[in-house]
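Notes for the structure review
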Amino acid sequence: MLWDEDRRRATHGACDPRALPDEVTERAVLGVAARLERLSAEPVHRWLRESPLLADTEIGPRLRRRRIDDEIDEHFNALRAVCHAPADRLRVVNRLVPVGLARRIVPATINRLAGHSEDWNRLRPDSVEPKVVLTPLREQNLDFYENRVAARLVDHLWGDVVARLNAVTRIDAMFSDLDRYVADAVNRPWRQHGKLFELIAGVVADEPWKDLAEARRKELGAVRDALVALRGSGILRGVDRQVDIGTALRATNLFVNDGRYRRVRDLWHAWVNDRTGGDQECDPVVRIQSWCRGFTVYTGLLLLHALDHLGLLGEAGGSDEPAEAGAVASFSRGGPPIRLTAGGGGATGADVTLAWLPTEVFELAVGGRPVLHVLALPHALTGHGRTAATQEETDQLTSGKPEIPVLVVYPGTFEERQALPKRSRLEVFSGCDSPVPWKHGGVRLLPVSPMEIDSVVRLARSLYSVLAQERHRDHPISVRCRQVHAKEIAEGADWLSAGQAGLVVTRPPAPGELARTQARLQSLRGRAAGRPGGVGEVELLDRLADEITVAAETIAEYTRCPVCLQRSPDPWRAYRRRPDGTYACECPQGHARWELRLCGSCTRPYPVIHIEPVLGDVELDGDGVDRLFGSHIVSTPCWVRPSVFLCPSCGTCGVASTVKGVGCRRCCLEERDLATG
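This structure is a prediction, so every number in the text was calculated from the model and none was measured.

Each value, and the rule that gives it
- Residues numbered from 1 in each chain as written.
- Predicted model: local features only at pLDDT ≥ 70, side-chain atom pairs only at ≥ 80, totals over all residues.
- Heavy atoms only, no water.
- Phe/Tyr/Trp six-rings, centres within 6.5 Å; stacked < 30°, edge-to-face > 60°.
- Helix = DSSP H or I, 4+ residues; strand = E, 2+ residues; numbered from the N terminus.
- Buried < 20%, exposed > 50% of the residue type's maximum accessible area, 1.4 Å probe, protein only.
- Lys NZ or Arg CZ within 6 Å of the ring centre and 35° of its normal.
- Pairing = 2+ DSSP bridges.
- Axes fitted to C-alpha atoms, helices over the stretch in contact; angles between N-to-C directions.
- Core = buried A, V, L, I, M, F, W, Y, C linked by side-chain atoms within 4.5 Å.
- Contact = heavy atoms within 4.5 Å.

1. Let's talk about the packing of aromatic side chains
With the rule as written, the count across this model stands at 12 aromatic pairs. Between F331 and W356 the ring centres are 5.5 Å apart and the planes differ by 40°, which places this aromatic pair in the tilted class. In this pair, F331 is assigned in the loop between α13 (325-328) and β7 (338-340) and W356 in strand β8 (residues 352-356), connecting sequence segments 25 residues apart. When sorted by exposure, F331 lands in the same class as W356, which is buried. One cation-aromatic arrangement involves R250 over Y145; the distance from NZ or CZ to the ring centre is 3.8 Å.

Spelled out as structure tokens, the structure:
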């Protein structure tokens with residue numbers, strides 16, 4: 001059910017069971033959400049103590065051996081023997097055979113011969129010489145109760161073992177990702193080291209998990225391979241596997257007196273006990289509603305971790321009383337917005353807030369103006385594995401053009417995305433930093449998973465990109481004033497220019513330049529004060545002096561390094577102005593180079609942080625950016641040339657339509673698809 005807040009009515013529809021994610025993701029998200037529901041009135045730093053990754057309470061039961069594993073080891077040989085050499089029964093059936101092979105005839109033989117002349121070899125004056133006759137034969141029959149149980153048991157074990165193996169494989173992959181993050185931490189900005197280590201400390205601290213995951217993966221893989229051989233045996237092809245046999249077995253002669261079938265019965269009972277002692281069946285509607293609520297809460301936790309990763313939640317001053325306002329505020333549905341700090345790399349110079357609206361939408365605002373809506377979509381967009389369905393649902397989601405950009409967060413895994421063609425893979429992972437070039441609706445899609453630490457990083461990257469663009473929305477800085485004042489103040493000051501609406505601050509002023517401008521303002525103020533009726537002009541000049549000082553400080557903030565957060569001691573030297581109104585800066589300590597560029601396609605300005613050159617032929621889709629750059633980029637590098645970046649507004653690199661961009665496997669994908677049909 002969808003609730004339309006504007007029309008105040010509910011919209012009902014069908015729910016595809018395949019829209020739910022895998023069982024591991026569902027249980028992990030619901031476990032986190034259950035703990036967070038109790039923290040609705042607690043400070044934000046209490047939320048941050050909860051990890052968005054798979055918890056130990058979920059890892060342990062999936063990696064440890066269960067009773068059913070011992071039962072499989074004990075009784076599997078008996079199940080194999082039953083499948084390859086099952087007990088059978090003989091049944092009498094009438095078959096058409098050549099006359100020479102017939103040993104008996106029955107009344108049905110005469111009836112068949114009398115009514116089917118095609119069975120005759122020739123007609124005699126007083127009789128018929130038959131060619132084929134209907135004769136009773138005894139055939140093997142495997143389709144009875146005990147064999148149905150054995151066949152159904154193979155199917156049940158196959159489904160359970162494959163599901164458990166997939167879960168263990170994903171857990172093992174998660175540990176590999178954690179190892180990769182630890183190894184790559186030295187190459188990441190130092191501000192992110194602590195946040196990453198805090199995020200993964202609770203998982204990697206327990207080293208036996210890694211060895212246990214590898215061991216369980218090998219054990220379950222061996223059982224799966226053994227079941228593959230049984231699924232191809234004759235018993236599965238000879239019985240009706242759709243007949244309902246229930247869970248409680250009847251005490252038949254074979255199950256009591258035949259040793260092989262008796263052990264199959266014991267293994268069946270072990271499987272039933274394992275299922276009964278595990279997940280309890282619940283109403284599908286209740287399950288779906290719980291999942292929807294839980295995923296929204298989980299998305300809220302991811303947002304807080306992403307903001308903390310960017311340094312926008314401040315630092316706790318103690319175990320109970322953090323120093324920053326953003327850390328002490330409570331985070332709850334429909335509650336007041338939490339105020340973020342301005343010290344992060346995406347600082348805008350204005351108040352940044354995050355609100356959890358009653359409509360279950362998370363709103364990021366700058367200076368009271370919403371700049372991004374984050375929508376938690378519990379639908380597993382890539383989970384059903386059907387490319388056509390995924391493409392259709394993606395088109396429906398991204399067809400709208402909202403006034404405020406929307407980031408749709410949905411449950412998805414790396415394996416699901418890699419199974420999609422390149423076009424679909426780019427569309428289902430199109431964060432705010434790298435929208436696809438053929439989608440211009442302002443809706444971005446971002447997959448998350450409790451099995452991927454990259455979920456926090458990619459969400460932080462999208463938030464960082466939005467805030468960085470918002471930071472440059474008013475660049476260059478303008479100060480409104482009278483035209484006559486603007487021309488006189490800007491004369492001789494090359495860091496100021498007179499525009500139609502007033503003054504434009506083109507670069508940070510040197511200390512002497514700002515002092516001379518203030519002195520000129522004082523001179524104008526003195527002349528205005530000496531004229532009759534000049535009180536109003538004096539007030540305007542006083543306000544203009546303050547606004548110029550603020551504007552000079554604001555433009556100097558563009559020289560603050562987004563990595564080490566240190567502002568250049570000489571902003572007027574670090575800020576390199578360009579004729580087109582953009583700029584470039586470099587950290588004095590060499591931590592980063594950043595600039596503002598104009599897109600060659602849509603001509604909009606967008607910020608860029610230069611990264612190390614990409615080595616090799618790398619496809620920088622969303623997962624590739626996760627692995628190589630983490631969260632500390634505001635615009636994604638071009639697939640062809642790392643020195644060129646994708647515009648966050650139109651999704652192209654600005655050279656895609658030129659001769660240089662013909663070989664791009666991303667920006668020119670649309671034309672190649674159309675050309676090849």
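2. Quick word on the sheet that holds strand β10 (residues 369-376)
Read from one edge of the open sheet, 6 strands run β7-β8-β9-β10-β11-β12, paired in mixed fashion. Edge positions in the open sheet fall to β7 and β12 (443-448), since each of these has one partner strand only. Geometrically, the sheet is characterised by an average inter-axis angle of 25° between neighbouring strands, direction not taken into account. When β8 meets strand β9 (residues 361-366), the two strands line up antiparallel, connected through 5 bridges. Looking at β9, one finds that V352 is bridged to V366.

3. With respect to the nonpolar core
Core analysis: the biggest nonpolar cluster contains 83 residues, and W47, F331, L354, L364, L372, L503 and L544 have the highest contact counts within it. No other element matches the 10 residues that helix α12 (residues 284-309) contributes to this core. Among all residues touching L364, those that are not within four sequence positions of it are L340, V352, T353, L354, R369, P370, V371, L372, L463 and L467. Ranked by size, the runner-up nonpolar core spans 52 residues in total, among them L153, L157, L220 and L249.

4. A short note on the sheet that holds strand β19 (residues 605-609)
The strand order across the open sheet formed by 4 strands is β16-β17-β18-β19, and the pairing between neighbours is antiparallel. A strand with exactly one partner marks an edge of an open sheet, and here the two such strands are β16 (576-577) and β19. As paired strands, strand β17 (residues 583-586) and strand β18 (residues 593-598) are joined by 3 bridges and run antiparallel to one another. When the bridges of β18 are listed, C585 appears paired with W594.

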